[in-house]
Amino acid sequence: MATDDFEEADPAASVPGKRVLDLLDKAIAVQSPLVRKNIARARQRNPEAIPAQVIRNLERMYISALTGTGAAVGGAAAAPGVGTGVALALSAGEALSSLELSALFALSIAEVHGVPIDEIERRRTIVMGIMLGGSGSSTITKVAERTGQHWGRQIVAKVPVETLRQINKVLGKNFITKYGTKQGIIVLGRVAPFGIGAVIGGGANAALATLAVRAGRRAFGPPPTSWEELTPGTPPTSEHSQPY
């Protein structure tokens, strides 16, 4: 998938920074087709669940999955006999998994709220905006020159794609700085002595997931009261695939 817009965001970006954005685009590309299946899975226990209930299920699924991934990799990376090089390789692989889980969560929440996710620029804005939390929200509203709550509905769903490109250029630079720094700290923590690495990995991922959940709530506001309110249409009620 092309990443030209991200490269324009920071012409002097380092190679590691570009890799972060490449991983983000890869995560979005892999997870976008699974959004409706993910929503269907969140409705499996109660096909009659309203959007608010499905969103709560999606939040729980996301936090549980991200926490479990971090703890598992942290424990494996710190196991006796695992060298530092192998440990870092394991953590690097988990970084992509974390991005994929976060992309799937953000895009699933957008779908439940009826926000269109058919264009790559809208998907990028949604995923980066949620993962960046408060700073992402401020950037989006400032570049779009719009005020008000719930940027996910008021901006991403309504502004022209060209405006979103400008927003994503700025978000991309911030994402490289914030995500790269956080992942670096978490990766080093996972190489700690056996047992401690698992705690650090799981705890750090749980904290990141919790922040993303809060950012998602602020981005989209109250969910629709019924599926009939959604623009994309009612999500399927059953699906055997399990993205998480």
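Look a little higher up for the structure.
Going along each chain's sequence as written, the residues are numbered from 1 onward. Per-residue local features of the predicted model are confined to residues with pLDDT of at least 70, and side-chain atom pairs are confined, for both listing and counting, to 80 or more; whole-chain, interface and lining totals are unaffected and use all residues. Calculated side-chain values reflect all of the structure's heavy atoms, with hydrogen atoms and water omitted.

Caption draft 1: Examining unusual backbone geometry more closely. Residues other than glycine seldom take positive phi values, yet glutamate 145 does so here, at roughly 55°. Residues other than glycine seldom take positive phi values, yet histidine 150 does so here, at roughly 60°.

Caption draft 2: Main features of the nonpolar core. Nine residue types can take part in a nonpolar core, namely buried Ala, Val, Leu, Ile, Met, Phe, Trp, Tyr and Cys, and a core is a set of them joined through side-chain atoms within 4.5 Å. Partly exposed describes any residue whose relative accessible area lies between the buried limit of under 20% and the exposed limit of over 50%, with all areas from a 1.4 Å probe on protein chains only and scaled to the type maximum. Counting residues in hydrophobic clusters, the biggest one holds 52 residues, and the most contacted among them are Leu24, Val54, Tyr62, Ile126, Ile130, Phe175 and Phe220. If we ignore the near neighbours within four places in the chain, the residues touching valine 54 are Ile39, Ala42, Arg43, Ala49, Val112 and Trp227. Whether two residues are in contact is decided by their heavy atoms, any of which lying within 4.5 Å being enough.

Caption draft 3: Geometry of the packing of aromatic side chains. Pairs were defined over the aromatic rings of Phe, Tyr and Trp, the Trp ring being its six-membered one, requiring ring centres within 6.5 Å. Orientation was assigned from the angle between planes: stacked under 30 degrees, edge-to-face over 60, tilted for the rest. In the structure shown here, the tally under the stated rule is two aromatic pairs. Look at tyrosine 62 and phenylalanine 105: their rings are 4.4 Å apart centre to centre, the planes differ by 5°, and that puts the pair in the stacked class. Of this pair, tyrosine 62 sits in helix H4 (residues 51-77) while phenylalanine 105 sits in helix H5 (residues 84-112); the two residues are 43 residues apart in sequence, bridging distant segments of the chain. Overall, phenylalanine 105 belongs to the buried group, its relative accessible area being 2%. Both rings, one in tryptophan 151 and one in phenylalanine 220, keep their centres 6.3 Å apart while their planes meet at 40°; by these two values the pair is tilted. Here phenylalanine 220 lies in helix H10 (residues 196-220) and tryptophan 151 lies in helix H8 (residues 151-156), a separation of 69 residues in the sequence. Residues tryptophan 151 and phenylalanine 220 agree in their burial class; the two are buried. A run of H or I in DSSP becomes a helix once it reaches four residues, and a run of E becomes a strand once it reaches two; helices and strands are each numbered from the N terminus.

Caption draft 4: Up close: the pattern of salt bridges. Here, a salt bridge means any Lys or Arg side-chain nitrogen found within 4 Å of an Asp or Glu carboxyl oxygen. Following the criterion strictly, the structure yields seven salt bridges and no others. Residue aspartate 25 pairs with arginine 124 through a salt bridge whose shortest N-O separation is 2.8 Å. Of this pair, aspartate 25 sits in helix H2 (residues 15-31) while arginine 124 sits in helix H6 (residues 120-132); the two residues are 99 residues apart in sequence, bridging distant segments of the chain. Since its relative accessible area comes to 3%, arginine 124 is described here as buried. A salt bridge links arginine 36 to glutamate 111; the shortest N-O distance between them is 2.9 Å. Pair noted here: arginine 36 is in helix H3 (residues 35-42) and glutamate 111 is in helix H5, with a separation of 75 residues, a long-range link. On the accessibility criterion, arginine 36 (34% relative accessible area) is partly exposed.

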